Every structure is written in structure tokens, then in C-alpha cells.
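What follows is the residue order along each chain.
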Amino acid sequence: PAPSDTPCADIFVLLNPGNLVQEFVLDDYKYTVTLLLEGLTDLSNAACAAAGVAGPCVGLITQENQSTSFQTRFMITAVQLQVPEPGTVALLGLLVAGAGVVRRRTA
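Let me sum up the structure you'll find in this document. What you see is a predicted model, and the numbers here were worked out from it, not measured in a lab.

Focus: the overall build of the protein chain
Along the backbone of the protein chain there are two helices and six strands. Walking the protein chain from its N terminus toward its C terminus, one meets helices and strands in the order β-β-β-β-α-β-β-α. Buried positions account for 8% of the 107 residues belonging to the protein chain. In the protein chain, once contacts between residues fewer than 6 apart in sequence are set aside, the share between residues at least 24 apart is 61%. Roughly 8800 Å² of accessible area belongs to the protein chain as shown, and the carbon and sulfur atoms make up 58% of that amount.

Laid out in C-alpha cells, this is it:
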């Protein structure tokens, strides 16, 4: 096609909007990291198709020679996993030690 003097918009699409939350466990804590994107919007099916993806889709459209922005933030939460009570750990230790004593007597 011949070049055009008419500016065209650029379309940016977020391909996996469901993957904005990730969880992992580290040192008895479960961390949840959430990426928050503000300024993205539901795009029309025509805009999604122009970007090469099936609609509905989420993203933004930029105009030529203009500034376009959106905000990003992330949030991290931590929840301590269940840690055995000291009494439970002591009881388990006594059971293991008692099993060792019983085993020695029968040998």
C-alpha cells in the first residue's frame, strides 16, 4: 500500500489479564503479588480484531503524535502459614523417642 498522510492509532492489548495475580511460598509465608493497571479499558471487537486478537479484549489505543499514559501499581500481601503448636511438636518428639526406646528393648 502507498504511504498515507493520515495518522493511525496504535492498539496495545493485554493478552492474559487473568495472570495479574501470582502467589508463592517463602519461609512459612504465602505471598500474593497483584499487578494493578489503571487506564486500560475494554476495547471494541473491531479494535481487538485490528490488533490481531479475538474480542473481547482489554488494552489501550494511542493516537499519533499524542501522549498516552496509564498507571501501574502492585500490591503484596503475606499470610503466615499454619505452624505446629510447640506442644504438638513436643508430643511428636516424645512419640519418636518412645518408639526408639521400645525398639531397643526388643533387640
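Some points on the sheet that holds strand E3 (residues 29-38)
Within the open sheet, the three strands sit side by side as E2-E3-E6. Their pairing is antiparallel. Of all strands in the sheet, those with a lone pairing partner are strand E2 (21-26) and strand E6 (71-80), marking the two edges. Put simply, the sheet's adjacent strands are angled 20° from each other on average, direction ignored.

Description of the pairing of E2
Here E2 runs beside E3; their pairing, made up of six bridges, is antiparallel. By the bridge assignment for E3, Leu26 is matched with Tyr29. With antiparallel pairing between neighbouring strands as the criterion, E2 and E3 make up a hairpin whose turn holds two residues, including Asp27 at a positive phi of roughly 50°.

Things to note about the sheet that holds strand E4 (residues 41-43)
Judged by pairing direction, the sheet is antiparallel, and its three strands sit side by side in the order E1-E5-E4 without closing on themselves. The sheet is open, and its two borders are formed by strand E1 (10-14) and E4, each paired with just one other strand. When the angles between neighbouring strand axes are averaged without regard to direction, this sheet yields 55°. The pairing of E1 with strand E5 (residues 57-62) spans five bridges and is classified as antiparallel. Within the sheet, the bridge partner assigned to Val13 lies in E5 and is Gly59.

Criteria and thresholds
Residues numbered from 1 in each chain as written. Predicted model: local features only at pLDDT ≥ 70, side-chain atom pairs only at ≥ 80, totals over all residues. Heavy atoms only, no water. Helix = DSSP H or I, 4+ residues; strand = E, 2+ residues; numbered from the N terminus. Buried < 20%, exposed > 50% of the residue type's maximum accessible area, 1.4 Å probe, protein only. Contact = heavy atoms within 4.5 Å. Areas by Shrake-Rupley, 256 points an atom, 1.4 Å probe, with all protein chains shown as cover. Pairing = 2+ DSSP bridges. Axes fitted to C-alpha atoms, helices over the stretch in contact; angles between N-to-C directions.

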